Amino acid sequence: MAGIAIERLVKRYGPTQVVHGIDLDIQDGEFVVFVGPSGCGKSTTLRMIAGLEEINDGTISIGGRVVNRLEPKERNIAMVFQNYAIYPHMSVAENIAFGLYTSGLDKAAKRKRVEEVAEVLGLTPLLERRPSALSGGQRQRVAIGRAMVRDPAVFLFDEPLSNLDAQLRAQMRLEIKRLHQRLGTTIVFVTHDQVEAMTLADRIVVMRDGHILQVGAPMELYEKP
Ligand code: ADP
Ligand code: ADP
């Protein structure tokens, strides 16, 4: 597990600055949700934490180690996207096992780990299925499984529920919350949905125009007049 320290973080696209020197300390095991209108810089910030976007200034540390120049795979993080990228030609088990591709584990150890993750996510009866024979929620659980299987210190979620219908969204919200309670992993979750933020977050970070406007527990932020 690992906390995340963000200091004076800056991102520019060409001449346009889109993240304006933000500071934030995320505790080990904390569930932090970034909210704010479209275009305010949430996703860019998350992608910088993931190592998918170059940092122009400032630092990001994960577990006390500056990661500015580390490749995504060297950061001990896993990212789950809105359009869950699972492979249609692979079974559920193979999709999850794909997360272990570079792990160096032997076949038996991989299999054991895939089974553990499937158990946690309720995917055990579905291991041999193809994604085309799964519901949207089941597919999203496979994507989470592939991220989980490497036992990352940090989970990053970029609007993972936006493409699901309302009922499924509510169900997946609960599942992600339970997963956090069970694993205790640090989670950074980006959404524009205030209900998601309210139900999931230990702390909510409100962004506007590349700045952090407010940080607080859900009750602190939304019970104010
Ligand atoms: P959010 O996740 O809050 O919707 P983003 O972080 O995706 O916002 O985007 C922040 C700003 O950066 C927006 O103005 C967006 O248009 C701009 N932006 C994002 N990605 C790029 C890119 N690859 N090139 C240029 N501008 C970008
Ligand atoms: P291989 O082609 O290496 O014999 P498969 O294509 O059947 O193996 O599966 C690829 C990986 O998916 C395996 O390494 C294993 O870890 C995992 N896997 C496949 N089927 C299962 C299963 N039923 N339960 C757990 N893990 C599985």
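Up top is the structure these notes are about.
Residues numbered from 1 in each chain as written. Chains lettered and ligands numbered in written order. Predicted model: local features only at pLDDT ≥ 70, side-chain atom pairs only at ≥ 80, totals over all residues. Heavy atoms only, no water.

### Section: the sheet that holds strand E10 (residues 211-216)
Defined as follows: Strand pairing requires that DSSP identify at least two bridges connecting the strands. Runs of H or I in DSSP of at least four residues are treated as helices and runs of E of at least two as strands, each being numbered from the N terminus. Axes here refer to lines fitted to C-alpha atoms; in helices the fit is confined to the stretch in contact. Angles between the N-to-C directions go from 0 to 180 degrees. Should any heavy atoms of two residues lie within 4.5 Å, those residues are considered in contact.
Spatial strand order, E6-E7-E8-E3-E9-E10: 6 strands in an open sheet with mixed pairing. The open sheet has two free edges, formed respectively by strand E6 (77-80) and E10, since each of these has just one partner strand. If you compare each strand with its neighbour and ignore which way they point, the axes differ by 20° on average. Bridge count between strand E7 (residues 154-158) and strand E8 (residues 186-190): 5 bridges; the pairing is parallel. Considered in E8, the bridge of Phe157 is made with Phe189. Helix H1 (residues 42-50) contacts strand E3 (31-35), E6, E7, E8 and strand E9 (203-208) of the sheet and is inclined by roughly 150° relative to E7. Each of E6 and E7 is contacted by helix H4 (residues 136-148), which is oriented at about 165° to E6, the strand it contacts most.

### What to know about the pairing of strand E4 (residues 57-62)
Taken together, the 5 bridges between strand E1 (residues 4-13) and E4 define a ladder with antiparallel strand orientation. Counted as the bridge partner of Ala5 is Ser61 from E4. Pairing between E4 and strand E5 (residues 65-66): 2 bridges, direction antiparallel. For Ile62, the partnering residue across the bridge sits in E5 and is Arg65. Linkage of E4 to E5, two consecutive antiparallel strands, is achieved through a turn of 2 residues, within which Gly63 is found at a positive phi near 60°.

### Structural notes on the site of ligand 1
This is how it is decided: Near is defined per residue: the residue qualifies when any heavy atom it owns lies within 4 Å of the molecule or strand. Polar contacts, as counted here, are pairs of nitrogen or oxygen atoms within 3.5 Å of one another; within protein the pair requires one atom able to donate a hydrogen and one able to accept it, and residues that are adjacent in sequence qualify only if both atoms are side-chain atoms. Every accessible area reported is derived by Shrake-Rupley at a probe size of 1.4 Å, with residue values counting cover from the shown protein chains alone. Here the nonpolar group is Ala, Val, Leu, Ile, Met, Phe, Trp, Tyr, Cys and Pro; Asp, Glu, Lys and Arg are the charged ones; every other residue, Gly included, is treated as polar.
All residues in the neighbourhood of ligand 1 are listed as Tyr13, Val18, Pro37, Ser38, Gly39, Cys40, Gly41, Lys42, Ser43 and Thr44. Here Cys40 contributes a backbone N or O atom positioned 3.1 Å from an oxygen atom of ligand 1. One of the side-chain nitrogen or oxygen atoms of Thr44 is found 2.5 Å away from an oxygen atom of ligand 1. A total of 560 Å² of accessible area belongs to ligand 1 in isolation, and the protein chains cover 54% of it. The dominant element in the shell around ligand 1, judged by the number of residues it contributes, is H1, at 3 residues. Tallied by class, the residues present in the shell around ligand 1 amount to 4 nonpolar, 5 polar and 1 charged.

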